[in-house]
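As a plain string of letters, each chain reads:
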Amino acid sequence: MICWFEIPVIDMKRAIAFYESVFAFHIKHHNFGTTEMALISKKDEKLKDIGALVLNKKHYFPNSSEGILIFFQSSNLQKEMNLIEKSGGTILRPKTQINEELGFMGLFLDSEGNRIGLRSIN
């Protein structure tokens, strides 16, 4: 379970559009001086913030091959994977079965070039 995450972005408007389109997240944009943050909430969990998109050119850099890799839980992995490229992302690994017990996963680059995973039981 993810308790908090921060995803670096280059273009906040584009990143917000991507995450709202693919995951239907509720996103609230805030400006904190040299850092912009867009707080992400899940609509079905009483709008509790779970992470943020962060724009700070000095401290946050999108990364497509190294560093942290987060996986979002998905109730319909294929539906979300179908929205990735339409929303400005790139599929790295299509829906793939891990095994019968662990279910399925997929990897993609978001609109900002970050490597992100999806995981589901079906």
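Within any chain, residue numbers begin from 1 and follow the written order of that chain's sequence. Only residues with pLDDT of at least 70 get local features here, since the model is predicted, and only at 80 or more are side-chain atom pairs given and counted; chain-wide, interface and lining totals rely on the full set of residues. Each side-chain value is derived from all of the structure's non-hydrogen atoms; neither hydrogens nor water enter the calculation.

Q: When you look at helix 2 (residues 77-84) in this model, what are you seeing that I'm missing?
A: In an α-helix, one turn spans 3.6 residues, which is why side chains three or four residues apart end up on the same side. Every buried residue belonging to helix 2 is among L77, E80, M81 and I84, and all of these are buried. Buried residues in helix 2, looked at end-on, bunch into an arc of 105°, giving them a common side. Each element contacted by the buried residues of helix 2 is listed here: helix 1 (12-23), strand 6 (90-99), strand 7 (103-109) and strand 8 (115-120). For each residue, the accessible area found with a 1.4 Å probe, counting protein chains only, is set against the maximum for its type, and the residue is called buried under 20%, exposed over 50%, and partly exposed in between. A run of H or I in DSSP counts as a helix once it spans at least four residues, and a run of E counts as a strand once it spans at least two, with each numbered from the N terminus. The arc in question is the one spanned by the directions pointing from the helix axis to the C-beta atoms. The contact definition used throughout considers only heavy atoms, calling two residues in contact when any of these lie within 4.5 Å.

Q: I tried to follow the sheet that holds strand 4 (residues 49-55) on my own but got confused; where do I start?
A: Picture the strands of a sheet paired through backbone hydrogen bonds; they go either parallel or antiparallel. The rule for pairing is simple: two strands pair if DSSP sees at least two bridges between them. Across the sheet, four strands lie side by side as 1-4-3-2; this open sheet has mixed pairing. The open sheet terminates on both sides in strands that have one partner only, identified here as strand 1 (6-8) and strand 2 (26-32). Strand-to-strand twist across the sheet, computed as the mean angle between neighbouring axes with direction ignored, equals 25°. Two elements, strand 3 (residues 35-41) and strand 4, share six bridges in a ladder whose sense is antiparallel. Paired with I40 across the bridge in strand 4 is G51. For helices, the axis comes from a line fit to the C-alpha atoms of the stretch in contact; other axes are also lines fit to C-alpha atoms, and the angle between any two N-to-C directions lies between 0 and 180 degrees.

Q: Please explain the sheet that holds strand 8 as it appears in this structure.
A: Reading across from one edge, 5-8-7-6 is the order of the four strands in this open sheet, with mixed pairing throughout. Among the strands making up the open sheet, the edge pair consists of strand 5 (71-73) and strand 6. Neighbour-to-neighbour, the strand axes of the sheet open up by a mean angle of 20°, direction not taken into account. Bridge count for strand 5 against strand 8 is three bridges, and the pairing is parallel. Considered in strand 8, the bridge of F72 is made with L118. Contacting strand 5, strand 7 and strand 8, helix 1 crosses the sheet at an angle of about 155° to strand 7. Packed on one face of the sheet, helix 2 meets strand 6, strand 7 and strand 8 and runs near 165° to strand 6.

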